[in-house]
Amino acid sequence: MSRQVVIIKGDGVGEEVVAAARRILTKAADMYRLNISYEEHLAGGAAIDRCGTPLPQATIDAAKQSAAVLLGAVGGPKWDNVPPAIRAEKAILGLRQELGLYANLRPVRITPSLIRHSPLKPEYIAGADILIMRELNGGVYYGDRQEADASTGRDTAWDREVYSKNEVARIVKMACEAARKRRGKVVSVDKANVLATSRLWRKTAEETAAAYPDVALSHMYVDNCAMQLVLGPKNFDVIVTSNLFGDILSDEAAVLAGSIGMLPSASLGSGPGLYEPIHGSAPDIAGKGVANPLGTILSAAMLLRYSLDCAPAADAVEAAVEQALADGYRTADLYQPGLTKVSTEEMANIVEARIQG
Ligand code: IPM
Ligand code: MN
């Protein structure tokens, strides 16, 4: 039986990095005897241009019927002035909602080859291995909002943060399950000294984690967490937090790895998963063949692990990426003298050649 993977290249560098990751996925699938078929669909600016909407119904339908979705990146200056309702970002937010993707996994692992690229001193960063688990279907991203409106003189705007107990419990549960397979530590991040949603979050985290006596739960305010991530990244195992806090903290954590181009993500719910690098469409370097494909390739590894249940294939892709880095190959974002600078496509070739069955 073949497993359908929906491919959404999106905009900017999306096309290049997805092409690279698709090759790696195909190679790993062949080696591990997984039968994958692909279907390409539009989303983001490309879909605005062709269909007048950032997330066409055909894309939603195909994604819902798939085993998994692999996405590049969406948006760019060309679409910055479209009405808010059809902004390219709506494609991602819409897919998260339509697929019920409530958990966003953003692993940040500093392998030996990456230490030299981190802005932190080696002794602070060596060995850091963090899994950020961001709530993805609720909070201020999806609450009611009111735009200011100059034409009517309304000069006030607001966005509402809403969380239910159930929404918090299911993500904390997933964080505890993940911690069990790692180092058994969960830090729940909130702003419970100010926000009602955070006080519910903290209480629910306590209640949920009580079912995991083997997992050590602690709490941290988000401002302190932002500081601790640079002071002591090695102290973190799993971080679980709300949609907005997770958005911000994961960009901060990403830079610890030297380049946001390295970081993969998986968005999971009860159905198909969505896999994408955490970087954006990078319009300034689009089409030049210089983008780092490793974040997307590592996202494909997560797809193999979580949606195709093939951990050995995922491990093989991750090991191949580490080997490519250890062998000194870098795209422009991570290039330093003494290393070998390669293009997006060359990097894909180099990783592909290092996948072992
Ligand atoms: C991310 C992005 C998105 C988000 C944007 C593009 C809507 O920044 O995936 O982190 O804020 O969730
Ligand atoms: Mn973000």
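Above this text is the structure in question.
Residues numbered from 1 in each chain as written. Chains lettered and ligands numbered in written order. Predicted model: local features only at pLDDT ≥ 70, side-chain atom pairs only at ≥ 80, totals over all residues. Heavy atoms only, no water.

A.B. asks: Quick question: what am I supposed to make of the overall build of the protein here?
C.D. replies: Counting secondary structure elements, the protein contains twelve helices and 14 strands. The C-alpha radius of gyration computed for the protein amounts to 20 Å, which stays within 12% of the reference 21 Å derived for 357 residues, consistent with globular compactness. Counting over 357 residues, the protein shows a buried share of 52%. When contacts within the protein are restricted to residue pairs at least 6 apart in sequence, long-range pairs at least 24 apart make up 75% of them. In the form shown here, the protein has an accessible surface area of approximately 15200 Å², with 52% of it arising from carbon and sulfur atoms. (Helix = DSSP H or I, 4+ residues; strand = E, 2+ residues; numbered from the N terminus. Rg over C-alpha atoms; globule rule 2.2 N^0.38 Å. Buried < 20%, exposed > 50% of the residue type's maximum accessible area, 1.4 Å probe, protein only. Contact = heavy atoms within 4.5 Å. Areas by Shrake-Rupley, 256 points an atom, 1.4 Å probe, with all protein chains shown as cover.)

A.B. asks: When you look at the packing of aromatic side chains in this model, what are you seeing that I'm missing?
C.D. replies: Two descriptors summarise a pair of aromatic rings, namely the distance from one centre to the other and the angle between the planes of the rings. This model, assessed by the stated rule, comprises one aromatic pair. Both rings, one in tyrosine 163 and one in tryptophan 201, keep their centres 5.4 Å apart while their planes meet at 75 degrees; by these two values the pair is edge-to-face. With a gap of 38 residues between them, tyrosine 163 in the loop between strand S7 (158-159) and helix H6 (165-180) and tryptophan 201 in helix H7 (residues 196-209) connect regions that are remote in the sequence. For the residue pair tyrosine 163 and tryptophan 201, the accessibility class agrees, reading buried in each case. The ring of tyrosine 141 carries the charged tip of arginine 134 above its face, separated from the ring centre by 5.2 Å. Above the face of the tyrosine 335 ring, lysine 341 is positioned so that its terminal group lies 5.0 Å from the ring centre. (Phe/Tyr/Trp six-rings, centres within 6.5 Å; stacked < 30°, edge-to-face > 60°. Lys NZ or Arg CZ within 6 Å of the ring centre and 35° of its normal.)

A.B. asks: Please explain the site of ligand 1 as it appears in this structure.
C.D. replies: What surrounds ligand 1 is the set Glu89, Arg96, Arg106, Arg134, Tyr141 and Asp247. Contact between ligand 1 and arginine 96: an oxygen atom at 2.7 Å from a side-chain N or O atom of the residue. Aspartate 247 is positioned with one of its side-chain polar atoms (N or O) 2.9 Å from an oxygen atom of ligand 1. When ligand 1 is considered free in solution it has 320 Å² of accessible area, and contact with the protein chains removes 74% of it. If you map ligand 1 onto the pockets, it falls in the largest pocket. By residue class, the composition of the shell around ligand 1 is one nonpolar, no polar and five charged. (Near = heavy atom within 4 Å. Polar contact = N/O pair within 3.5 Å; in protein donor to acceptor, adjacent residues only side chain to side chain. 1 Å grid on protein atoms, 1.4 Å probe; cavity = no way out; pocket = protein on both sides within 12 Å on 5 of 7 lines; lining within 4 Å. Sits in = over half its atoms within 2 Å of the grid points. Nonpolar A, V, L, I, M, F, W, Y, C, P; charged D, E, K, R; others polar.)

A.B. asks: Before we go on, may I ask you to explain the packing of helix H11 (residues 311-326) against helix H12 (residues 344-353) in this structure?
C.D. replies: Packed helices, taken two at a time, are described by their axes: the angle between them and the distance between them. Two elements in contact, H11 and H12, have axes whose closest approach is 8 Å; the angle formed by their N-to-C orientations is 115 degrees. In the crossing of H11 with H12, the sense of the turn from one axis to the other is right-handed. Only Met347, Ile350 and Val351 of H12 make contact with H11, whose side of the interface consists of Ala320, Val321 and Ala324. For the contact of H11 with H12, the residue count by class is six nonpolar, no polar and no charged. (Axes fitted to C-alpha atoms, helices over the stretch in contact; angles between N-to-C directions. Left-handed = near helix turned anticlockwise from the far one by under 90°.)

A.B. asks: Can you help me understand the environment of glutamate 345 in this one?
C.D. replies: Relative to the elements of secondary structure, glutamate 345 occurs in helix H12. Owing to a relative accessible area of 54%, glutamate 345 belongs among the exposed residues under this scheme. Glutamate 345 sits 287 residues away from alanine 58 along the chain, and the two C-alpha atoms are 30 Å apart.

A.B. asks: Sorry, what's going on with the pattern of salt bridges here?
C.D. replies: Here the idea is simple: oppositely charged side chains can pair when their charged atoms come close. Here the structure, examined in full by the defined rule, presents 25 salt bridges. Put simply, lysine 9 and glutamate 40 hold a salt bridge, and the shortest N to O gap is 3.3 Å. Residue lysine 9 is found in strand S1 (residues 3-10), and its partner glutamate 40 is found in strand S2 (residues 36-40); the two are separated by 31 residues along the sequence. The partly exposed category is assigned to lysine 9, whose relative accessible area is 25%. Here glutamate 89 ties to arginine 87 by a salt bridge, and the two come within 3.1 Å at their closest N and O atoms. Judged by its relative accessible area of 37%, glutamate 89 is partly exposed. (Salt bridge = Lys/Arg side-chain N within 4 Å of Asp/Glu carboxyl O.)

A.B. asks: Honestly, the sheet that holds strand S10 (residues 238-241) in this entry has me stumped. Any pointers?
C.D. replies: Hydrogen bonds between backbone atoms are what pair the strands of a sheet, whose relative direction is either parallel or antiparallel. Here ten strands make up an open sheet; going across it, the order is S2-S1-S3-S12-S11-S4-S5-S10-S8-S9 and the pairing mixed. If you trace the sheet from one side to the other, it starts and ends with S2 and strand S9 (216-221), each paired once. Averaged over neighbouring strand pairs, the angle between their axes works out to 25 degrees when direction is ignored. Sheet topology note: the S1/strand S3 (residues 68-73) ladder contains five bridges and is parallel. Bridge pairing links isoleucine 7 to leucine 70 in S3. Sheet strands touched by helix H4 (residues 89-98): S1, S3, strand S4 (103-109), strand S5 (129-135) and strand S12 (273-277). Its angle to S12, the strand with the most contacts, is close to 150 degrees. (Pairing = 2+ DSSP bridges.)

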